[in-house]
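# Coordinate inspection notes
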Amino acid sequence: MAGLNRKKDTLHLIGRVFLLLAVTAGVSLLTMFIHLDRQQIFASSVFIMIVMATLLFWKFRLAIAFVGISVLMGAGTLDLPTFIKSCQLDVILFLVGMMVVVGVLKELGLFTWIIQGVIKTRHMTGPMFVVIITVLAALMSCVVDEVTSIIFIATLIFQVCDTVKVRSTPFIIIAVMATNIGSTGTMLGNPVGILIGQNAVPPLGFPDFIKWSFPIMLVTLSASICLLLWWFRRDIRHLSEQLEVRRKMGLGLGPLVQVPYKRGLGILLGMVGFIALHRHLESYLGLAPNTILIVAPILIAGLLMIWRHERARHYIEADVEWWTLIFFMMLFAVAGALEHTGVTEVMAGHFQAAFGNRPSILTPVIIGVSALGSAFVDNVVFVAAFIPIVNKLGYTPLIWALLQGACLGGNATMIGSTANIVVLGMVEKRYRTHVHFFEWLKAGVVVAVFSCLIAWGGLAVLSPYMPTREQRSLEVVEEMKYDGIEHIPVAISLQNKEGADIPESRAMHQQLGAEAISK
């Protein structure tokens, strides 16, 4: 029996290797067919190889990414300066700072206090429980991140479902879908958000997300809650019945303890407030866009590590997901190779040739493509590769379409987002069982399609009010002039339309502003 299983495993391994090589070879032939040069073919093939590796060899994805980067650099497709520039160290440092802060908040009991608040809610019913966990999951995802949010919401669901003896899987699926939807609300909800904010031309800030993405998230979440209440109505009705039985017996949903939460809550509110004001602070201090946004979590993490110095090493070693962050760096570098060799420019041209130049058509196409891709592969891969194309197309609504599609598409399958994978691991560890692929797929596809359609509608409504790229460039220039010219730095860097760094002096600011006004 053991020999037969080993033989099956070997055949599966050979099949996956063959599929990886076949798809990579197919992409190489396709890029030759559309007349890309040798370096572009190489960059495209390695990118697809890493994408397929994340799908077929999840445990080896970082190792394969290392090999891919080495091949690109050995072949001269990616040089060292471009590699360093493409690694997005600003995004990585932002995520490190956030992870340290979240680690401290966990130790201070903030999330335990939130769970306690739900458990002691009186007259709880099934629908009320679903609404509470979905809203809580979405909002927590907005202010911390999707993984932290789902870990604590799953803990709450386990406690309630185990207490009243109902199956927790439907409520886990409901919560993780709300988490993915909530991650579109701000830059803090998903690594994709900070990646898009930093790489959009010109960069987007926290207020832009609150203004253009948060309202769409609220509408999408509300509609999706109604859909989920209907889809899982039998499980929710059973939960209501069990809650009623327990209430008649005079029993609660778990032990209630006093948790000191004020320090943790104060730190969280302070950090969110600090980030929310980043644009005003950058204007006042004459700093480049998003400098405070990136620095805020790092600064707060540093102060917290000084305060709790005896735990500082633990926060860095245990709470920071170095494996994931290094994998992100490799993905960013490979995507940078696509841009460096001009592949993204060629793809943008083909994209425009295929779908025209009208945002009303390009918006649903980008939502659909990014959602479909994110359903099977890490959404960071697609966003890193797609953001130069979206920048090249030059329409503001397309940036938000990319964000919505990349996050909402993750609901379609069990492997569609990091939050999905994390919570499935928690279910397996707790109950020694697993969620069936098709149980998730049936609800996931419906919710993903439904939420993407709502997001498309929201973007269609808001698009006429969104500033153009030229208007956003002008806003950046005007903000740099805030409080007089003495605060304008002698030279800062802004990215031009092709993504290259341009030194901007005061005179160049004025020229850029005049050009934007004339347009």
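Residues numbered from 1 in each chain as written. Predicted model: local features only at pLDDT ≥ 70, side-chain atom pairs only at ≥ 80, totals over all residues. Heavy atoms only, no water.

Of the regular secondary structure elements, the protein holds 26 helices and two strands. Computed over its C-alpha atoms, the radius of gyration of the protein comes to 24 Å, within 12% of the 24 Å expected for a compact globule of 519 residues. A total of 519 residues make up the protein; the buried ones form 51% of that total. Across the protein, the fraction of contacts at a sequence separation of at least 24, relative to all contacts at a separation of at least 6, is 78%. Total accessible area computed for the protein in this model is approximately 23500 Å², and 67% of it derives from carbon and sulfur atoms. Here the protein contributes 38 positively and 32 negatively charged side chains, and the mean placements of these two sets differ by 12 Å. (Helix = DSSP H or I, 4+ residues; strand = E, 2+ residues; numbered from the N terminus. Rg over C-alpha atoms; globule rule 2.2 N^0.38 Å. Buried < 20%, exposed > 50% of the residue type's maximum accessible area, 1.4 Å probe, protein only. Contact = heavy atoms within 4.5 Å. Areas by Shrake-Rupley, 256 points an atom, 1.4 Å probe, with all protein chains shown as cover. Lys, Arg positive; Asp, Glu negative; His and termini not counted. Charge placed at Lys NZ, Arg CZ, Asp CG, Glu CD.)

Along the chain, Ser 70 turns up in helix H3 (residues 61-74). Taking the C-alpha atoms as reference, Ser 70 lies 24 Å from Asn 199; in sequence the two are 129 residues apart. A polar side-chain atom of Ser 70 sits 2.8 Å from the main-chain carbonyl oxygen of Phe 66. (Polar contact = N/O pair within 3.5 Å; in protein donor to acceptor, adjacent residues only side chain to side chain.)

The terminal C-alpha atoms of helix H22 (residues 396-408) lie 19 Å apart, and with 13 residues this matches the ideal 18 Å at 1.5 Å per residue to within 8%. Of all the 13 residues making up H22, 13 are buried; the element is thus mostly covered by neighbouring parts of the structure. (Expected span 1.5 Å × (residues − 1).)

Quick look at the environment of Arg 16 now. Position of Arg 16 among the secondary structure elements: in helix H1 (residues 2-33). Here Arg 16 falls in the partly exposed class, since its relative accessible area comes to 34%. Spatially, the C-alpha atom of Arg 16 lies 27 Å from that of Gly 368, the residues being 352 residues apart in sequence. Other than its neighbours up to four places away in sequence, Arg 16 contacts Leu 56 and Phe 57.

Tallying each qualifying case throughout the model produces eight salt bridges. Glu 107 serves as the salt-bridge partner of Arg 308, at 3.1 Å between the closest nitrogen and oxygen. Linking Arg 308 in the loop between helix H16 (291-307) and helix H17 (312-319) with Glu 107 in helix H5 (residues 89-107), this pair joins segments that are 201 residues apart in sequence. Two residues, Arg 313 and Glu 317, come together in a salt bridge whose shortest N-O distance is 3.1 Å. With Arg 313 and Glu 317 both in helix H17 and four residues apart, this pair spans about one turn of that helix. (Salt bridge = Lys/Arg side-chain N within 4 Å of Asp/Glu carboxyl O.)

Here we come to a nonpolar patch on the surface. Together, Leu 55, Leu 372, Phe 376 and Ile 415 give the surface a local cluster of nonpolar side chains, amounting to about 360 Å² of exposed area. Tracing the backbone shows Leu 55 in helix H2 (residues 38-56). (Patch = residues over 30% accessible without salt bridge, like charges linked within 9 Å, V, L, I, M, F, W, Y side chains within 5 Å.)

Here we take up the packing of aromatic side chains. On inspection of all chains with the given rule, the structure shows eight aromatic pairs. Arranged with centres 6.0 Å apart and planes meeting at 65°, the rings of Phe 129 and Phe 171 form a pair that is edge-to-face. Of this pair, Phe 129 sits in helix H7 (residues 126-143) while Phe 171 sits in helix H9 (residues 169-182), placing them 42 residues apart in sequence. With respect to burial, Phe 129 and Phe 171 carry one shared label: buried. (Phe/Tyr/Trp six-rings, centres within 6.5 Å; stacked < 30°, edge-to-face > 60°.)

Our focus in this paragraph is the confidence of the model for the protein. On average, residues of the protein score 82 in pLDDT, and 90% of them reach the 70 mark or higher. Here strand E2 (residues 501-504) is the element of the protein with the lowest mean pLDDT, 40, and helix H12 (residues 214-231) is the one with the highest, 95. Segment residues 483-519: pLDDT under 50, and 58 contacts once partners within four positions in sequence are set aside and those in other chains are kept. (pLDDT = per-residue confidence, 0-100.)

Tracing the backbone through its elements, the reader meets Thr 134 in helix H7. Those residues within four positions of Thr 134 in sequence are excluded, and the remaining contacts are Ile 174, Ala 178, Leu 221 and Ile 225.

Looking now at helix H21 (residues 379-393). If you check H21, its first and last C-alpha atoms are 20 Å apart, about what 15 residues at 1.5 Å a residue would give, namely 21 Å. By the largest-angle criterion, Phe 386 marks the main kink of H21, which is about 35°, and a proline, Pro 388, follows within four residues. Most of H21 sits out of view: 13 of its 15 residues are buried. Of the residues one or two after H21, Gly 394 is the one with positive phi, at around 85°. (Bend = angle between axes of the 7 residues up to and from the residue.)

Note on placement: Ser 283 falls in helix H15 (residues 278-285). Only 3.0 Å separates the side chain of Ser 283 from the backbone oxygen of Arg 279, close enough to count as a polar contact.

Let us look at unusual backbone geometry. For the bond running from Val 201 to Pro 202, omega is -10°, close enough to zero to count as cis. Within the element layout of this structure, Pro 202 appears in the loop between helix H10 (191-199) and helix H11 (206-212). Notably, Gln 88 is not glycine yet its phi reads approximately 55°, a positive angle. Checked against the element boundaries, Gln 88 lands in the loop between helix H4 (80-86) and H5. Residue Gln 88 is classed as buried on the basis of its relative accessible area of 15%.

Let us look at the environment of Gly 109. With respect to the helices and strands, Gly 109 occurs in the loop between H5 and helix H6 (110-119). For the pair Gly 109 and Lys 262, spaced 153 residues apart in sequence, the C-alpha separation works out to 9.2 Å.

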